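Residue-level listing of the chains:
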Amino acid sequence: MKIATLGPQGTFSQLAVKKYTKEKNLEEDIVFYPSITKAFKAVGEQCNLGVIPIENTLDGYVQPTLDLLSKTSLKIIDEVVIPIQFSFVANSKSISDIERIYVQFKTQGQCCNFLEKFSGNVKIITTESNGDSFVKAKNGTIHEAAIIPEHVLKSEFSFKYSIENVTDSKENETRFIVVSKKEKDIKYCKEINYKTSLIIIQTEDKPGSLANILTEFSSRNINLMSIMSHPNKQMLGKYYFFIDIEGNYIEDRSLKEAANNIARNNKVKILGIYENAMKV
């Protein structure tokens, strides 16, 4: 069971895979990829599963993941949530000597307060992963620094300067989805809180179209856990809606009825039905 995820080693994605394989009693065979896109596209080709970040407490949804979900035939079969804390490391003995800071693109939104302390002369360099930030700082010059996962701070490599916690909130978490080429064979259990994820693509743009979609759910007392609009990347002003819904699409007649009604005037794509890992 090969599992694709964002690398290199030391990323939060690796911790998410470890947590998932332990919970599901799977042998751990991780294949690291340099970007979310490459990890996602490896599923069904080089790997059986993918563990991909989709949402963060402080910085919201991971836009590349939403984009990939809209185009793929992969299914969400599970999710896993892990706590996220960051540390700051530098090759310099003084924070005033720093000229460049490597920070992953989603990490920047989770450490805003700390990064705001630096002057405009310090260049923030965006990386694909937190592991990449660590490697770049590790191999960098005396004027370079990075924001890295807190657990990596305790690695075998020691920096001249470090700050243990630079995250904006102690309650920070990231949700990862587990994607597969094959749909999961779900054995329905009343004691389990299920989640259904879907994408709605509007085929016509007219006043009240979004309100009509939401009414189909609210009139049936269906709880929408989240809704996110995302550009369809084909025309300015055209969007699709990524929605997480409380419930099991297969077993919940009201939910299926709502989706079928919406599908009369829109394209509805069911991304997956899986156990809700969020705190309830």
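Heads up: the structure comes first, above all this text.
Conventions we followed
- Residues numbered from 1 in each chain as written.
- Predicted model: local features only at pLDDT ≥ 70, side-chain atom pairs only at ≥ 80, totals over all residues.
- Heavy atoms only, no water.
- Helix = DSSP H or I, 4+ residues; strand = E, 2+ residues; numbered from the N terminus.
- Rg over C-alpha atoms; globule rule 2.2 N^0.38 Å.
- Areas by Shrake-Rupley, 256 points an atom, 1.4 Å probe, with all protein chains shown as cover.
- Lys, Arg positive; Asp, Glu negative; His and termini not counted.
- Charge placed at Lys NZ, Arg CZ, Asp CG, Glu CD.
- Patch = residues over 30% accessible without salt bridge, like charges linked within 9 Å, V, L, I, M, F, W, Y side chains within 5 Å.
- Salt bridge = Lys/Arg side-chain N within 4 Å of Asp/Glu carboxyl O.
- Core = buried A, V, L, I, M, F, W, Y, C linked by side-chain atoms within 4.5 Å.
- Buried < 20%, exposed > 50% of the residue type's maximum accessible area, 1.4 Å probe, protein only.
- Pairing = 2+ DSSP bridges.
- Axes fitted to C-alpha atoms, helices over the stretch in contact; angles between N-to-C directions.
- Contact = heavy atoms within 4.5 Å.
- Phe/Tyr/Trp six-rings, centres within 6.5 Å; stacked < 30°, edge-to-face > 60°.

**Description of the overall build of the chain**
And step 1. From N to C terminus, the chain includes seven helices and 15 strands.
And step 2. Its C-alpha atoms give the chain a radius of gyration of 21 Å, near enough to 19 Å, the size a compact globule of 280 residues would have.
And step 3. When its C-alpha atoms are laid out on the principal axes, the chain stretches across 65 × 45 × 35 Å.
And step 4. Split by element, the accessible area of the chain, about 14,500 Å² in all, is 48% carbon and sulfur.
And step 5. Considering the chain, the positive charge centre built from 36 side chains and the negative charge centre built from 34 side chains are found 3 Å apart.

**What about a nonpolar patch on the surface?**
And step 1. On the surface, Leu210, Leu214 and Ile227 cluster together to form a nonpolar patch covering roughly 200 Å² of accessible area.
And step 2. With respect to the secondary-structure elements, Leu210 resides in helix α6 (residues 209-218).

**Overview of the nonpolar core**
And step 1. Ranked by internal contacts, the top residues of the largest apolar core, which has 28 residues, are Val51, Phe88, Ile101 and Ile147.
And step 2. Where this core is concerned, the elements lending two or more residues are α1 (12-23), β3 (49-56), β5 (75-83), β6 (86-90), β7 (100-104), α4 (112-115), β9 (144-149) and β11 (173-180).
And step 3. Per element, the largest residue contribution to this core is four residues, and it comes from α1.
And step 4. Membership of the second largest hydrophobic core comes to 25 residues, among which are Ala4, Tyr33, Val43 and Leu74.

**Some thoughts on the pattern of salt bridges**
And step 1. Under the defined criterion, the tally for this structure stands at 13 salt bridges.
And step 2. Its salt-bridge partner being Arg175, residue Glu55 comes within 2.9 Å of it at the nearest N-O pair. Of this pair, Glu55 sits in strand β3 while Arg175 sits in strand β11, placing them 120 residues apart in sequence.
And step 3. Look at Glu55 and you get partly exposed, because its relative accessible area is 23%.
And step 4. Arg100 serves as the salt-bridge partner of Glu144, at 2.9 Å between the closest nitrogen and oxygen. Of the two residues, Glu144 is situated in strand β9 and Arg100 in strand β7; the sequence distance between them amounts to 44 residues.
And step 5. Assessed through its relative accessible area of 25%, Arg100 is described here as partly exposed.
And step 6. Connected via shared salt-bridge partners are Glu55, Glu79, Arg175, Lys195 and Asp244.

**So, the sheet that holds β6**
Paired through their backbone hydrogen bonds, the strands of a sheet run either parallel or antiparallel.
And step 1. Taken in spatial order, the five strands make up an open sheet running β8-β7-β9-β6-β10, and their pairing is mixed. Edge positions in the open sheet fall to β8 (123-127) and β10 (161-163), since each of these has one partner strand only. Mean inter-strand twist for the sheet, computed between neighbouring axes without regard to direction, equals 25 degrees.
And step 2. One ladder, built from three bridges, connects β6 with β10; its direction is antiparallel. Its bridge partner lying in β10, Ala90 is registered against Tyr161.
And step 3. Packing against the sheet, helix α5 (residues 130-138) makes contact with β6, β7, β8 and β9, and its axis sits at approximately 145 degrees to β9.

**Concerning the environment of Ile95**
And step 1. Looking at the element boundaries, Ile95 is found in the loop between β6 and β7.
And step 2. Accessibility expressed as a relative area gives 30% for Ile95, which makes it partly exposed.
And step 3. Remark: the alpha-carbon pair of Ile95 and Cys112, spanning 17 residues in sequence, is separated by 17 Å.
And step 4. Ignoring any residue separated from it by four or fewer positions in sequence, one finds Ile95 in contact with Phe88, Phe118, Tyr161 and Ile163.

**Things to note about the packing of aromatic side chains**
Aromatic ring pairs are defined here through the distance separating the ring centres and the angle between the ring planes.
And step 1. In total, this model carries eight aromatic pairs according to the counting rule given.
And step 2. Ring centres of Phe12 and Phe86 lie 5.3 Å apart, and the angle between their planes is 90 degrees; on these two criteria the pair is classed as edge-to-face. Residue Phe12 is found in helix α1, and its partner Phe86 is found in strand β6; the two are separated by 74 residues along the sequence. Assigned by exposure class, Phe12 and Phe86 land together as buried.
And step 3. Aromatic pair Tyr61 and Phe242: ring centres 5.6 Å apart, planes at 70 degrees, arrangement edge-to-face. Here Tyr61, found in strand β4 (residues 60-61), pairs with Phe242, found in strand β14 (residues 239-246); they are 181 residues apart in sequence, far enough to count as distant.
And step 4. Taken together through their ring pairs, the aromatic side chains of Phe88, Phe114, Phe118 and Tyr161 make up a single cluster.

**Notes on unusual backbone geometry**
And step 1. The omega torsion across Gly7 and Pro8 is 0 degrees, close enough to zero to call that bond cis.
And step 2. By the secondary structure assignment, Pro8 is in the loop between β1 (2-6) and α1.
And step 3. With a phi close to 55 degrees, Asn25 is a non-glycine residue in the positive phi region.
And step 4. As for its placement among the helices and strands, Asn25 is situated in the loop between α1 and β2 (29-33).
And step 5. A relative accessible area of 72% means that Asn25 is categorised as exposed.
And step 6. Non-glycine residue Asn221 carries a positive phi angle of around 60 degrees.
And step 7. Tracing the chain through its elements places Asn221 in the loop between α6 and β13 (224-231).
And step 8. Assessed through its relative accessible area of 72%, Asn221 is described here as exposed.

Function cannot be read off these values alone, since they describe shape.
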